[in-house]
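# An overview of the molecular structure
Chain by chain, the residues run as shown.
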Amino acid sequence: MPTLSDVLSRHEVTAADSDWLHRLVGDWQLIADLSFADLVLWVQSQAGEWFAAAHARPTTGVGVFTEDLVGQPVAVPRARMVQAARDQQEIVRAGQTVWRDDMPIREEAIPVVRDGRAVAVLTRHTNLASMRTPSRLEVTYLATADALARMIAAGTFPQHEPATHVRRGTPRVGDGVLRLDVDGLVTYASPNAVSAVHRLGYEADVIGMPLASAVYDLLPARSPADEDLTQVLRGRVAHRGEVRTRSASVMVRSILLQENGRRIGAVLLVRDVSELRRRERELATKDVTIREIHHRVKNNLQTVAAVLRLQARRVDDPAGRAALDDAVRRVATIASVHETLSSRLDDHLDFDEVAQRGVQAALDLGNRSGMRVSGAIDGSFGTLCSEDATSIAMVLAELVQNAVEHGLAQQDGHVQVTVRREQTRDGDLLRVEVADDGAGLPDDFAQGSGGLGVQIVRSLVADLSGDIDWERTENGTAVKFTAVLRDIPVER
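In this convention, every chain numbers its residues from 1, walking through the sequence in written order. Residues qualify for local features only when their pLDDT is at least 70, as the model is predicted, and side-chain atom pairs are given and counted only at 80 or more; totals for whole chains, interfaces and linings, by contrast, use all residues. Calculated side-chain values reflect all of the structure's heavy atoms, with hydrogen atoms and water omitted.

Here we come to unusual backbone geometry. Apart from glycine, the bulk of residues carry a negative phi angle, and the bulk of peptide bonds sit in the trans form. Omega for the peptide link from F157 to P158 comes to 10°, which places this bond in the cis form. Assignment of secondary structure puts P158 in the loop between α5 (136–154) and β7 (177–180). One non-glycine residue, E12, lies in the positive phi region at around 55°. For helices the rule is a DSSP run of H or I covering at least 4 residues; for strands it is a run of E covering at least 2, with both sets numbered from the N terminus onward. Summarising the element assignment, E12 is placed in the loop between α1 (4–10) and α2 (15–27). Note on classification: 1.4 Å probe, protein chains only; a residue is buried when its accessible area is under 20% of the maximum for its type, exposed when over 50%, partly exposed between these limits. A relative accessible area of 57% means that E12 is categorised as exposed. Its identity as a non-glycine residue notwithstanding, D102 has a phi of 65°, on the positive side. Judged by relative accessible area, D102 falls into the exposed class, the value being 73%.

Here it is in C-alpha cells:
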C-alpha cells in the first residue's frame, strides 16, 4: 500500500503543500476521535482525478471502511462533493444519506486550505447506525470536531507548535478532554479528565474553574518553565506540557479553537502519566545499576589481569609465562567489552569500536616482537547485545592473535578481518573471516586439533549457534566463522 509521501510525490504536490498535509495527517486522529468518524484525505492529480492519500479510523466509535482506501480513486458520486468543496472552499455535506453494507453513512467534504487556496480535500464519514441520543460528552466532542473542521477550511489548522522534547505519554482523546472558554474557564470535562485533575490534588468541582490558577497552586517550587505551562493551561498557546505535583504527573496538550480569525477557546487533551513516569524512574535506576555493575566487573577484571601479570614475572618457565600472558590478554578482552557497556544506558553496544581495539592490541603485540604486522577490518559488526559481544570479542581476539603468533611468526605480513551481517529467517547472521598472508596451516593440522586457544574459540562459536572452519589459501590461512545473533529488545 502506498504511503502518504508516495501519493503526494506521484501527483506532484509541492514541498510546502506536502509539509502542510503531513502536519494535518499527523494531527488528524484527534478529529477522527472527536467526530466518531472515518477521515479520508483526497489529492487531485494533474489530470483532475482525485485519489485517496491517507485514511484514519476513529478509536472512539465504529468505523465505516474496513478496507484501506489509500491510493484508490474517488467514487463518482463522492467526486462531485469533493470537487465542490475544493472549488467553493467551503464545507459541503452530501445531500442524502449514503448506504454502505446496510449502514447509513453521513458524508461531508472539508477543503484543506493553505495560504488562501485549497490544496486537498478531507472527507468525513459517520456511521449513523452507531449513533444514539447524544450525551453531553458526545455533543461536546462533535462540536469541537466541527470547530476544527471549520479551522481546516479556513487554513488555521493544523497549528504550529513550538519545537520541544516530547516525552512519552502524549495524550489522546480517549485519555481525557477539557473544553475551555476564551477566559480559560473549564466549560466541559470528560470523566477521565476529571479524574486526572483530581489526582493532581484538586478536590473541588472542575466545571467553571480557571484551570491555570487551580493547577498552579498545586505545583511545587516555581521554575522559569512554569509560565509556559500556565499559558498552556489557559488555552492561549498550542503547546504541550507536563503538570507534576506531589501526587501525580499529567501530560497536557492544548489546541486553540478559532472562529473568523478570533480565538474562542481551546480544547485540552490530558493524560495521567504517573504510572508511566514511575516505571521510567525504575528503568532509569536499573540502567544506572547495570552501568555500575559493568564498571565494577571491568575494574575487577583489570585487577585479575594485574595479578596475573605479577605472577607471570615470577615464573621462570617460558611456557608458563606465555600461558599467563595469554590469560592476561583474554581477561583484558572481556574487560574492554564491560568498559564500553559501562558508558551506556542499555545492555547493547556498537561492536565496531571494540573489534578495532582488539585487533589493534594483537597487532601491537606482534610489532613489539620485532615484526612489521598490519591489519584492517572490512565491514561492520553493527550493534550487538552484551552476551554476543563478549563471545565474539574473545573469538576475534584469539583468531587475530593466532594469525600474528603462528601465521606471521617468521615474516612480516597483513591480517585482514572481513565481516558481513545479513538477515535470515532465524535472525541476524554474522559472517566473519580472519585471513593472513603468512606461512599457512601446518601439514598435520586437522579441523579437530589445536591448542587451548582453538578449543576456546570452538566452544564460544558453538555457544553462538555458529560454525568455524580453517582453510589453507594461496597466500596463507583463512578462518571463517558464523554466529547467530540474539535479538536486541526494542525500546518503547
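For S35, the location among the structural elements is in helix α3 (residues 29–35). Take S35: its relative accessible area is 2%, and that puts it in the buried class. Whether two residues are in contact is decided by their heavy atoms, any of which lying within 4.5 Å being enough. Excluding its chain neighbours within four sequence positions, the residues that come into contact with S35 are R124, T126, L142 and A145.

In this section: the pairing of strand β5 (residues 103–114). When a strand is regular, its side chains alternate between the sheet's two faces. When you tally the buried positions in β5, you get 11 out of 12 residues, the bulk of the element. Pairing between strands is defined by DSSP: at least two bridges between them are needed. Where strand β3 (residues 92–93) meets β5, two bridges bridge the pair, whose relative direction is antiparallel. Bridge pairing in β5 places V92 opposite A109. Here strand β4 (residues 98–100) pairs with β5 via three bridges, running antiparallel. By the bridge assignment for β5, W99 is matched with P104. The antiparallel pairing of β4 with β5 creates a hairpin that spans two residues between the two strands, and D101 there sits at a positive phi of about 50°. Hairpin connection, β5 to strand β6 (residues 117–127): the antiparallel pair is bridged by two residues, and D115 has positive phi, about 55°.

Moving on, we get to the pattern of salt bridges. We count a salt bridge whenever a side-chain nitrogen from Lys or Arg sits within 4 Å of a carboxyl oxygen from Asp or Glu. Using the criterion set out here, one finds 24 salt bridges in the structure. Its salt-bridge partner being D17, residue R117 comes within 2.9 Å of it at the nearest N-O pair. Pair noted here: R117 is in strand β6 and D17 is in helix α2, with a separation of 100 residues, a long-range link. Looking at R117, the relative accessible area reads 39%, which means it is partly exposed. Taking the relative accessible area as the measure of exposure, D17 reaches 6% and is therefore buried. Each of D17, R114, D115 and R117 takes part in one network of salt bridges that share partners.

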